[in-house]
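# Examining the three-dimensional arrangement
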Amino acid sequence: MKFSEIKKLMIDSLGNNPEYGESVRKLEEAGISYDFSEGFAGRVLNKIFSADVVVAKQIELSRYLNLAFSRIAITGVAAIVMLLISIFLMEGDLSFNSIIGISDSQTESIVCLLSGN
Amino acid sequence: MINESFNATDEIALVRAALDGNKNAFGEIVERYRKMVARTVKGMLGDSVYTEDIGQEVFIKLYNSLSDFRGDSKLSTYIQRIAVNLTLNEIKRRKRFFSMFSQTGNHEMYEFDVPDHETHEKRDARELVEKALQALDSKFRVIVTMRMLQGYSTKETAEILDLPLGTVLSRLSRAQVQLKDILKKL
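Notes on the structure follow. (Residues numbered from 1 in each chain as written. Chains lettered and ligands numbered in written order. Predicted model: local features only at pLDDT ≥ 70, side-chain atom pairs only at ≥ 80, totals over all residues. Heavy atoms only, no water.)

## Description of the interface of chain A and chain B
Counted only if it meets this: In this analysis, two residues are considered to be in contact whenever any of their non-hydrogen atoms come within 4.5 Å of each other. For any pair of parts, buried area is found by adding up, for both, the accessible area (1.4 Å probe) each one loses once the two are put together. Criterion for a salt bridge: a side-chain nitrogen of Lys or Arg within 4 Å of a carboxyl oxygen of Asp or Glu. Any pair of nitrogen or oxygen atoms within 3.5 Å is treated as a polar contact; in protein, a donor-acceptor pairing is required on top of that, and neighbouring residues in sequence qualify only through side-chain atoms on both sides. Put simply, DSSP H or I for four residues or longer makes a helix, DSSP E for two residues or longer makes a strand, and each gets a number counted from the N terminus.
Opposite the 33 residues of chain A that make contact, chain B presents 46 residues. Note on chain A versus chain B: buried area summed over both sides is about 3,900 Å², and carbon and sulfur give 68% of it. In terms of surface lost to chain B, no three residues of chain A exceed Leu14, Tyr34 and Phe36 of chain A, which account for 22% of the buried area on that side. For the pair chain A and chain B, the interface holds two salt bridges. Its salt-bridge partner being Arg43 of chain A, residue Glu52 of chain B comes within 2.5 Å of it at the nearest N-O pair. The interface formed by chain A and chain B contains nine residue pairs in polar contact (both at pLDDT 80 or more). Breaking the side of chain A that touches chain B down by element, the ones donating at least two residues are helix H1 (3-13), helix H2 (20-29) and helix H3 (40-91) of chain A. It is H3 of chain A that provides the largest number of residues to the side of chain A that touches chain B, a total of ten residues.

## Comments concerning the environment of Leu14 of chain B
Residue and element names in this part refer to chain B. Spelled out, the test is: For the exposure calls, accessible area comes from a 1.4 Å probe over protein chains only, and a residue counts as buried if that area is under 20% of its type's maximum, exposed if over 50%, partly exposed in between.
In this fold, Leu14 is placed in helix H1 (residues 11-19). Under the relative-accessibility criterion, Leu14 is labelled buried at 1%. Along the primary structure Leu14 and Ile29 are separated by 15 residues, whereas in three dimensions their C-alpha atoms are 7.4 Å apart.

## Side note on the nonpolar core
This is how the line gets drawn: Only buried residues count toward a nonpolar core, which is a set of Ala, Val, Leu, Ile, Met, Phe, Trp, Tyr and Cys residues joined through side-chain atoms within 4.5 Å. Note that the domain bounds reflect an automated or database-derived domain assignment.
Grouped together as the largest cluster of nonpolar side chains are 68 residues, with contacts concentrated most on Phe26, Ile29 and Leu62 of chain B. It is helix H2 (residues 23-45) of chain B that provides the largest number of residues to this core, a total of eleven residues. Built from parts of two domains, this core gets at least three residues from each of domain 1 (1-35) and domain 2 (38-117) of chain A. Filtering out sequence-adjacent residues up to four positions away, Ile29 of chain B remains in contact with Leu14, Val15, Ala18, Phe59, Leu62, Leu75 and Ile79 of chain B.

Have a look at this one:
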C-alpha cells in the first residue's frame, strides 16, 4: 500500500463517518498491527504465580501487625479509662488540676513551693 | 507456558475461575487480550523494547484487581482502562525524565522492535504510523490510538477514558487536524 493511501486511511479512521471501522481493518492489512513477543503469556503467569508466595508472606505479616496493634491499643485505652475513674473517685471531679494532681493546692502555696520562700 | 487451554467462553466464568486460582483461566485471559493491550501500549509509547514490561504490568495489575471486576462493563473495557492508565503514567514518567536532562524536552525514547518476518513495505507503514502517533500531543494520541488502532466508537472511547462524549468528539476533531499537519511533513 502506498504512503499516501495509508495517510488517507489514518485521517479517515478519525472521521465521524460510519465507515471508520473499514479504515481500521485496511490499516491492519497494511501491517499496522501490534503484538508482544512469543511466550508473553507464559512470562506474565510466571511473574504472577511466583510472586504469590512473597505476597502471601507480606499479607500474613501485616495481619500479625494489625492484631498486635489492636491489642496494644485496647490495653492502652483500658488503662487510661481506669486512671480517669480512679482520679474521679479520689478527687470528686475530672478537672485539669485534678488530672495533674494539684486540685487542693492554693496558688500561693505553689508559688512558695517553686520559689523556695 | 500454558499447558492446557481453557474453554470457557463466558467472561464472568473465566474471571471466577482465575479468582479461584486457576492458572489456565488467567492464561486464557492474557492470550485473548494481549493483542488489544499491545495495540494500546505500543500505539501510545511506540514499538519500544520497554513496552513489553508495561504490557506485563497491565496483566499483573489486572490479576491483583480481578476481585473488583463486577461485570458491569466488558472485561475488555476494564483491561483497556488499566492499559491506558499505566501507559499514560509511563508517558508522564518519561516526560519528567527527559525534562531533567534536556531543555528542549519533547524527546521520547523509542526504538523500533521489528519482527523478522515483516516485509519492507509493512515495516515502512508501521514506522510512518508510529512517527505520526509519537508526534501527536499525548491527550490526542490516546484518543487516536483508541479509534485508529482499536476501532472503538466515540461512545466506547468515552467510556474507556471516562470522558464526556463531547470532549472525545472535540479531541477527535482537533487530533484529526493535528494529524493532517504531521502527515504533511512525513
